[in-house]
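Survey of secondary and tertiary structure
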Amino acid sequence: MMSVRTKRIFSFTAIVLGFFMALLDTTIINVALPEMTKHFGGTVSQISWVMNGYNLAFAALILTASRLADQFGRRRLFLIGIFVFTAASLFAGFSSSLEMLIVLRVIQGLAGAIIVPVTIPLTTTTFPKEMHGLIIGIWGAVGGLAAASGPALGGILTEKLNWEWIFWVNVPLGILSIILVLIFIKESRDSSAGRTLDFAGMAGISVGMFLITYALIKVQDYGWQSGAFYGLLTSGVLVLLFFFVTQWKGKESMMPLSLLRIRPFNGAALTLLIVGAGLMNLSLLTSFFLTRIMGMTELKAGLVLSVIALGSILSSGVSGPLSSKYGSRWFAAAGVTVMAGATYALSGLQGEASLSQVLITLGIAGLGMGLVMAPVMSSAIRNVPEEKVGISSGITNMTKALGSVLGVAIIVTVLQQNFNDRIGAAAEHAAQSIRENAVLQPIVKQRLGEELGAMVKAGSVAASNRAAGGEISQRLNNDLEEAVLALSEEERSAFKADQQRQLSEIQVLMKQAEGGLRDASVEAFSRTYAFASILLLPGIVFALFSDQRRKRSVLNEEPLGNEL
């Protein structure tokens, strides 16, 4: 007969397979987007909805799914989520159009919103309370591994097979998870939750989160000061206010407002909001830096980023169990501090930075992430009533998802602004050098100035890449050959006589422009990394409130809650 320990191992395997699969699909898609664009066509804005559709659906449904699982059975909802996610993954690989793929990604996001929050209560009902710290530590490590390994796995599958396999890889994982769940996991639910559906509450939280998330996703198109952005954001906030009113007045509300009176729970949720933004900022900035400045392929950059997961695995396995014994506050605060320090350290990277420097810094950031995630999630469930673990897991995962979207919206804006400022200044300096050059003929100055103007308009790191790749020099040679044909015979002869000197001078100026633009790009990244590290600082304060203060005499006691 199978031992209890073996049954628990198989049960936890079933849970983490589903959890890994759902989180993996938040990042694995990024590397494959260029291949999808080639296959389906469409604009960058259109193809981005392959990513945005998943995130939007995930954020909108996650709390509603948590409530339904508490009411009608967590095992049942988990099975539904895994089945839908697996089926959507299978059909996504066979998509015949971009529109079909986006619809299936939205379905994946809805299924992911069912899977992720249910994993915590399923885990806590599978293992005894004294093992929760260790198990949540492993859970956090799996989450870090899924998020950080997505780009690497996506790059490998896309390069060695094709983009369809980033979806089909989920199918065997999903089937195995379903089989193990059916055999080993027992049903559980919130015994205090009635069977009456809170339609007003579910509509309020889902629509409110949809509007706020959509506003943050579209802010790069609309602008931070646009009426459309403020309209969506204000509407979302008003709908959320309506949601809280329904929860206050409702008899069987989906979210007990008493949870918001538990200080450690609030601290944990706010910590995850900040850490969610910080992790996404770190991954996004470093991915761009590695590919655009250091010239790595997307696959190699993905492999480098996976070091974050390795660091997280190491520290999560230690911090989870220890935080159950000694409390989560100091572990979480130290973790956020380490993440902020590592992010700031990356602001010192140069274009010729060594790979070891990048790997060590990212590894340290991963250690910080592991110190935060497992202890904070453990605290969030430890400090709420046992029957409310499901809905509390939904709230904390929702805030983390919202933090990720908010982080991207903010950091992309800051990065773009820094590029506009630094690249523009560098290009203006180069333009002045061209205007004051005594060797170049007027027609050469004109063509070279036009190219630099185009680079300023681009306002991105592509400007330095174009210079570094010699693209401008080649274009100028082609343009000058055409322009010479329009000159008079005398002017043409004069140009040809001096052509070699002109081309040599162009090469000198382009080398100067290349260095200036590259330095400007690095400085733009440096400023943005520094800004991203500052955004993490409030998380240190929130982390200090993410668990109860413990006296030496009660270190080994389990807290039941700390209501204000």
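Below, the discussion takes up the overall build of the protein. What the protein contains, in helices and strands, is 22 helices and 0 strands. Burial status across the protein gives 54% buried among its 564 residues. Of all intrachain contacts in the protein linking residues separated by at least 6 positions in sequence, the fraction that spans at least 24 positions is 85%.

Let's shift gears to the pattern of salt bridges. It is possible for side chains bearing opposite charge to pair when their charged atoms get close. What the rule picks out here adds up to 2 salt bridges. In this structure, the salt-bridge partner of D70 is R74, at a minimum N-O distance of 3.1 Å. There is no split in this pair, since D70 and R74 are both buried. Across the pair R527 and E523 runs a salt bridge whose closest N-O atoms are separated by 3.3 Å. Residue R527 and its partner E523 are both found in helix α22 (residues 499-544); the two are separated by 4 residues, about one turn of the helix.

Our next topic: the environment of M36. Examined against the element boundaries, M36 turns out to sit in helix α2 (residues 33-40). For M36, a relative accessible area of 0% puts it in the buried group. When the C-alpha atoms of M36 and N162 are compared, they prove to be 9.7 Å apart, with 126 residues separating the residues in sequence. Dropping the residues within four chain positions of it, M36 is found in contact with I29, G41, I47, V50, L101, W163, I166 and F167.

Among the surface-exposed residues, L90, F91, F94 and M100 lie close enough to one another that they form a single nonpolar patch of about 380 Å² accessible area. Classification of L90 as partly exposed rests on a relative accessible area of 34%.

All right, on to the confidence of the model for the protein then. Predicted coordinates in areas of low pLDDT are best not read in detail. For the protein, the average pLDDT comes to 79, and 80% of its residues sit at 70 or higher. Per-residue pLDDT, averaged within each element of the protein, yields its smallest value for helix α19 (residues 462-468) (45) and its largest for helix α5 (residues 74-92) (93). Every residue in residues 552-564 is under pLDDT 50, and counting partners more than four places away or in other chains gives 25 contacts.

Below, the discussion takes up the packing of helix α12 (residues 263-293) against helix α13 (residues 298-305). Between α12 and α13, the shortest axis-to-axis distance is 9 Å and the interhelical angle comes to 135 degrees. In terms of orientation, α12 and α13 fall into the oblique class. Remark: the crossing between α12 and α13 carries right-handed chirality. For the pair formed by α12 and α13, the contact residues are S283, T286, S287, L290 and T291 on the first element and E298, A301, V304 and L305 on the second. Residue composition of the contact of α12 with α13, by class: 4 nonpolar, 4 polar and 1 charged.

Next up on the list: helix α10 (residues 199-222). For α10, which comprises 24 residues, the first-to-last C-alpha distance of 32 Å matches the rise-based estimate of 34 Å (1.5 Å per residue) to within 8%. Of all bends in α10, the biggest is about 35 degrees, found at L216. Remark: G223 follows α10 within two positions and exhibits a positive phi of approximately 95 degrees.

If you look at the biggest cluster of nonpolar residues, it comprises 135 residues, and the most contacted ones within it are M36 and L63. Broken down by element, the residue count for this core peaks at 13 residues, all from helix α17 (residues 389-435). With residues up to four places along the chain from it excluded, the contact list for L63 reads I205, F243, M254, M255, I391, G394, I395 and M398.

Quick look at the packing of aromatic side chains now. According to the stated counting rule, one finds 12 aromatic pairs in the structure shown. Judged by centre distance (5.8 Å) and plane angle (90 degrees), the ring pair of F12 and F127 falls under edge-to-face. With F12 in helix α1 (residues 4-24) and F127 in the loop between α6 (98-126) and α7 (132-160), this pair connects stretches of sequence that are 115 residues apart. Relative accessible area serves as the criterion here: at 9%, F127 is assigned to the buried category. Taking the centre distance of 6.0 Å and the plane angle of 5 degrees together, the rings of F210 and Y214 count as stacked. Here Y214 and F210 lie together in helix α10, a separation of 4 residues that amounts to about one turn. For F210, a relative accessible area of 37% translates into the label partly exposed. One cation-aromatic arrangement involves K218 over Y222; the distance from NZ or CZ to the ring centre is 5.7 Å.

This next bit is on helix α16 (residues 355-382). Along an α-helix, residues three or four positions apart point the same way, because every turn accommodates 3.6 residues. For α16, which comprises 28 residues, the first-to-last C-alpha distance of 40 Å matches the rise-based estimate of 40 Å (1.5 Å per residue) to within 8%. Burial analysis of α16 places 20 of its 28 residues in the buried class, the great majority of the element.

What follows covers the packing of α13 against α16. Relative orientation and spacing of two packed helices are given, respectively, by the angle between their axes and the distance between those axes. As a packed pair, α13 and α16 sit with axes 9 Å apart at the nearest point and diverge in direction by 45 degrees. Compared by their axis directions, α13 and α16 come out oblique. Taken together, the residues of α16 that come into contact with α13 (itself represented by K300, V304 and L305) are L355, V358, L359 and L362. Partitioned by chemical class, the residues of the contact of α13 with α16 number 6 nonpolar, no polar and 1 charged.

Here we take up the side chain of N281. Secondary-structure assignment places N281 in helix α12. You can call N281 buried: its relative accessible area is 1%. Residue contacts for N281: discarding those within four places in its chain leaves G407, V408, I411, A532 and L535.

Calculation notes
Each chain carries its own residue numbering, running from 1 in the written order of its sequence. This being a predicted model, a pLDDT of at least 70 is required before a residue's local features are given, and a value of 80 or more before pairs of side-chain atoms are given or counted; all residues contribute to the totals for chains, interfaces and linings. With hydrogens and water set aside, each side-chain value is computed from the structure's full complement of heavy atoms. Secondary structure elements are defined from DSSP: runs of H or I of at least 4 residues count as helices, runs of E of at least 2 residues count as strands, and each element is numbered from the N terminus. Only protein chains enter the accessibility calculation, which uses a 1.4 Å probe; a residue whose area is less than 20% of its type maximum is buried, one above 50% is exposed, and one in between is partly exposed. Whether two residues touch is decided by their heavy atoms; if any such pair falls within 4.5 Å, the residues are in contact. A pairing counts as a salt bridge when a side-chain nitrogen of Lys or Arg comes within 4 Å of a carboxyl oxygen of Asp or Glu. Patch rule: a residue counts if its relative accessible area is over 30% and it has no salt bridge; like charges are joined within 9 Å, and nonpolar side chains (Val, Leu, Ile, Met, Phe, Trp, Tyr) within 5 Å. Reported accessibility uses the Shrake-Rupley method at a 1.4 Å probe radius. Residues are deemed covered only where the shown protein chains occlude them. Predictor confidence is given residue by residue as pLDDT, running from a minimum of 0 to a maximum of 100. Interaxial angle, 0 to 180 degrees, is taken between N-to-C directions of lines fitted to C-alpha atoms, where a helix line uses only the stretch in contact. To sort the angles, those under 35 degrees are grouped as roughly parallel, those over 145 as roughly antiparallel, those from 65 to 115 as roughly perpendicular, and the leftovers as oblique. By definition, turning the near helix anticlockwise from the far helix through less than a right angle yields a left-handed crossing, and turning it clockwise yields a right-handed one. Charged means Asp, Glu, Lys or Arg here, nonpolar means Ala, Val, Leu, Ile, Met, Phe, Trp, Tyr, Cys or Pro, and polar covers whatever is left, Gly included. Working rule for helices: expected span equals 1.5 Å times residues minus one. Bend is the name given here to the angle between axes fitted to two runs of seven residues, the run ending at a residue and the run starting at it. Definition of nonpolar core: a set of buried residues of the types Ala, Val, Leu, Ile, Met, Phe, Trp, Tyr and Cys, connected through side-chain atoms within 4.5 Å. Any two rings among Phe, Tyr and Trp, with Trp reduced to its six-membered ring, count as a pair given centres within 6.5 Å; such a pair is stacked if its planes are under 30 degrees apart, edge-to-face if over 60, and tilted if neither. Throughout this description, the term charge over a ring refers to an Arg CZ or Lys NZ atom that lies within 6 Å of the ring centre and within 35 degrees of the ring normal.

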